[in-house]
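# A closer look at the structure
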Amino acid sequence: MTTPTALPVVVIGAGPVGLAAAANLVEREMDFLILEVGDAVGASVSQWGHIQMFSPWRYTIDDASARLLGAGWDRPESDEYPFGAEMVERYLAPLAAVPAIASRLKLGVEVVSVARKGMDRSQSRGRDSTPFVVAAVNSEGPIQIEASAVIDASGTWQNPNPAISTGLIGDAPETSSPIAFHAPDVMGVKRSTYAGSSVAVVGSGHTAQNVLRNLASLQATEPATRITWLVRRKTAGSLFGGGAADELPERGALGSWVRRAVSEGKIRLVTGFRTASVSESEDSVIVTSDTGEEIRADRLVVSTGARPDYSLASELRIDLDPVTEATRALGPLIDPNVHSCGSVEPHGHRELAHPEPNFYTVGMKSYGRAPTFLLPTGYEQARSVVAALAGDMEAADQVFFDLPETGVCSGGPASIDLGETDSCCGPERAAVEESRRVKVPVAVGSSGCC
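Residues numbered from 1 in each chain as written. Predicted model: local features only at pLDDT ≥ 70, side-chain atom pairs only at ≥ 80, totals over all residues. Heavy atoms only, no water.

Let us look at the overall build of the protein chain. The number of helices and strands found in the protein chain is 13 helices and 16 strands. Burial analysis of the protein chain (450 residues in total) assigns 53% to the buried set. For the protein chain, contacts bridging at least 24 residues in sequence account for 72% of all contacts bridging at least 6. Accessible surface computed for the protein chain: about 19000 Å², of which carbon and sulfur atoms make up 50%. (Helix = DSSP H or I, 4+ residues; strand = E, 2+ residues; numbered from the N terminus. Buried < 20%, exposed > 50% of the residue type's maximum accessible area, 1.4 Å probe, protein only. Contact = heavy atoms within 4.5 Å. Areas by Shrake-Rupley, 256 points an atom, 1.4 Å probe, with all protein chains shown as cover.)

With that out of the way, let us pick up the nonpolar core. In terms of nonpolar packing, the biggest core is built from 78 residues, with I34, M87, Y91, I151 and W229 touching the most fellow members. Residue contributions to this core peak at 8 residues, all from helix α11 (residues 375-389). (Core = buried A, V, L, I, M, F, W, Y, C linked by side-chain atoms within 4.5 Å.)

What follows covers unusual backbone geometry. One non-glycine residue, H182, lies in positive phi territory at about 65°. By relative accessible area, H182 is classed as buried at 8%.

So, about the sheet that holds strand β14 (residues 294-297). In any sheet, the strands associate via hydrogen bonds between backbone groups, in a parallel or an antiparallel arrangement. With antiparallel pairing, 3 strands are arranged side by side in an open sheet as β12-β13-β14. Each edge of the sheet is formed by a strand with only one pairing partner; in this case those strands are β12 (275-280) and β14. The mean inter-strand angle of the sheet, taken between neighbouring strand axes irrespective of direction, is 20°. Here strand β13 (residues 285-289) pairs with β14 via 4 bridges, running antiparallel. (Pairing = 2+ DSSP bridges. Axes fitted to C-alpha atoms, helices over the stretch in contact; angles between N-to-C directions.)

Another aspect to go through is helix α7 (residues 206-221). For α7, spanning 16 residues, the distance from its first C-alpha to its last is 24 Å, which sits close to the expected 22 Å at 1.5 Å a residue. All of the buried residues along α7 are A208, Q209, N210, V211, L212, N214, L215, A216, L218 and Q219. Contact partners of the buried residues in α7: α6 (191-194), β9 (198-202), β10 (226-230), α8 (249-263) and β15 (299-302). (Expected span 1.5 Å × (residues − 1).)

Quick look at the pairing of β13 now. Within β13, 5 of the 5 residues are buried, which leaves it mostly tucked inside the rest of the structure. Alternating positions in β13 separate into two faces, V285, V287 and S289 on one and I286 and T288 on the other, with burial throughout. As paired strands, β12 and β13 are joined by 5 bridges and run antiparallel to one another. For S279, the partnering residue across the bridge sits in β13 and is I286.

For the rest of this paragraph, the subject is helix α4 (residues 84-97). Taking 1.5 Å per residue as the helical rise, α4 with its 14 residues ought to reach 20 Å, and the 18 Å between its terminal C-alpha atoms agrees with that figure. Maximal helix bending in α4 amounts to about 30°, located at Y91; proline P94 follows within four positions. Residues G84, M87, V88, Y91, L92, L95 and A96 constitute the buried set of α4. Those residues of α4 that are buried lie in contact with α1 (16-27), α2 (43-47), α3 (63-69), α5 (99-102), β3 (105-107) and α11. (Bend = angle between axes of the 7 residues up to and from the residue.)

Pairing in this open sheet of 5 strands is parallel, and the strands run β3-β2-β1-β7-β16 from one edge to the other. Every interior strand has two partners, whereas the edge strands, β3 and β16 (359-361), have only one. Taking the axes of each pair of neighbouring strands and ignoring which way they run, one obtains an average angle of 15° across the sheet. Across 3 bridges, strand β2 (residues 32-36) lies against β3 in parallel orientation. Note on β3: the bridge partner recorded for I34 is L105. Along the sheet, α1 contacts β1 (9-12), β2 and β7 (149-152); its crossing angle with β2, the most-contacted strand, is approximately 170°.

This part takes up the pattern of salt bridges. Enumeration over the complete set of coordinates arrives at 15 salt bridges. Across the pair R116 and E356 runs a salt bridge whose closest N-O atoms are separated by 2.8 Å. In this pair, R116 is assigned in strand β4 (residues 110-116) and E356 in the loop between α10 (349-352) and β16, connecting sequence segments 240 residues apart. Just as R116 is buried, E356 falls in that class too. Close ionic contact of R328 with D319 constitutes a salt bridge, the shortest N to O distance being 2.9 Å. Classification of R328 by relative accessible area gives partly exposed; the value is 44%. What you see here is one network of salt bridges that share partners, running through R116, R127 and E356. (Salt bridge = Lys/Arg side-chain N within 4 Å of Asp/Glu carboxyl O.)

Mapped onto the secondary structure, T324 falls in the loop between β15 and α9 (331-334). A relative accessible area of 2% means that T324 is categorised as buried. Of the polar contacts made by the side chain of T324, one reaches the backbone nitrogen of A326; its length is 3.1 Å. Apart from the residues lying within four places of it in its own chain, the contact partners of T324 are G331, D335, P336, Y367, G368, R369 and A370. (Polar contact = N/O pair within 3.5 Å; in protein donor to acceptor, adjacent residues only side chain to side chain.)

Structure below.
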């Protein structure tokens, strides 16, 4: 039997973190394959290509990837704020075209399952010395690829959360035409669909707030456009983020912009709305809360985030935190009920590992349902994991990142409404900095993204 170490590392997903893993594998001179379900790299990023990121380029580019691109690459100005489409065009596409990556990149490949060769999850003997088998489908049909290790960087974008607060979709027509997920391009290709319509937006995160800002901009030229914002929380509280206290200014500015639009009446905010059902009449979508309140709109945008899909690992031994669906060790470090402030501790291959040897989840998917993932975190995850696979445990254990303060409190009363310059992150921040001094060094300035 071919020994696992003679086989390539398979990276699932050719988004920014998957390509960062590939760049690190190139530097380590390790064999690998990248499997991407889309027909181009950054396929999920392209779906929100019309959204401007709230972090500048200097926080969006992975160090190993930049080294691989070399001096001939037209590197963007570090203080500019890219749109998603620019990130693909100016960074991900050139990176994928580097021969060391292009020769190992397989597009249009959907991974169906990852398992140990000839084993299901119940078999133990010889498991760690048995190759992985990655089962996938491409345009020509089913394929199987043996691998020494698997890095799952497939993200969560393709698995959106349901609008219904119980998490059960039931008979709700969430894929019908009046309903869109995530962030439709209301100012671009979907303009005619939303202009002059009544639109309900469900969700409270940054994706929802970007949709709201774009809808309000559309409303400025199409005044018949009406916007209703449905959120679960009973009061606004820290809904609008940290404002000027946010160490990522554009992230703070987004929440402040939406706050003003609500106060000016451009957006109708409905709090305490927990969606119980979604249905359609002849001319509208009806969203009903668990108290029986009905909101009627022409269009519904479900911007409630996304969650990981681990069905491809059903025959692997994975261990997930019951709250976040991150790995068991990572979950408590990123729980948004505790760490809303940017107080996440450095973490790498040890926290990302599953009981299944050499199977790792990195990037957005590693955070499970936690909405606080930042790209530089994913880049450090990829670097640490690849170092561990290369056997360089000293480098793998030295995890360097710092997260910007959001200006938002954790665990306080829902009624707390932070002022534009208020911040409550001091105690959380101090505790984490103390743990960092004990555990690992921190590289200042390697933080932030979208």
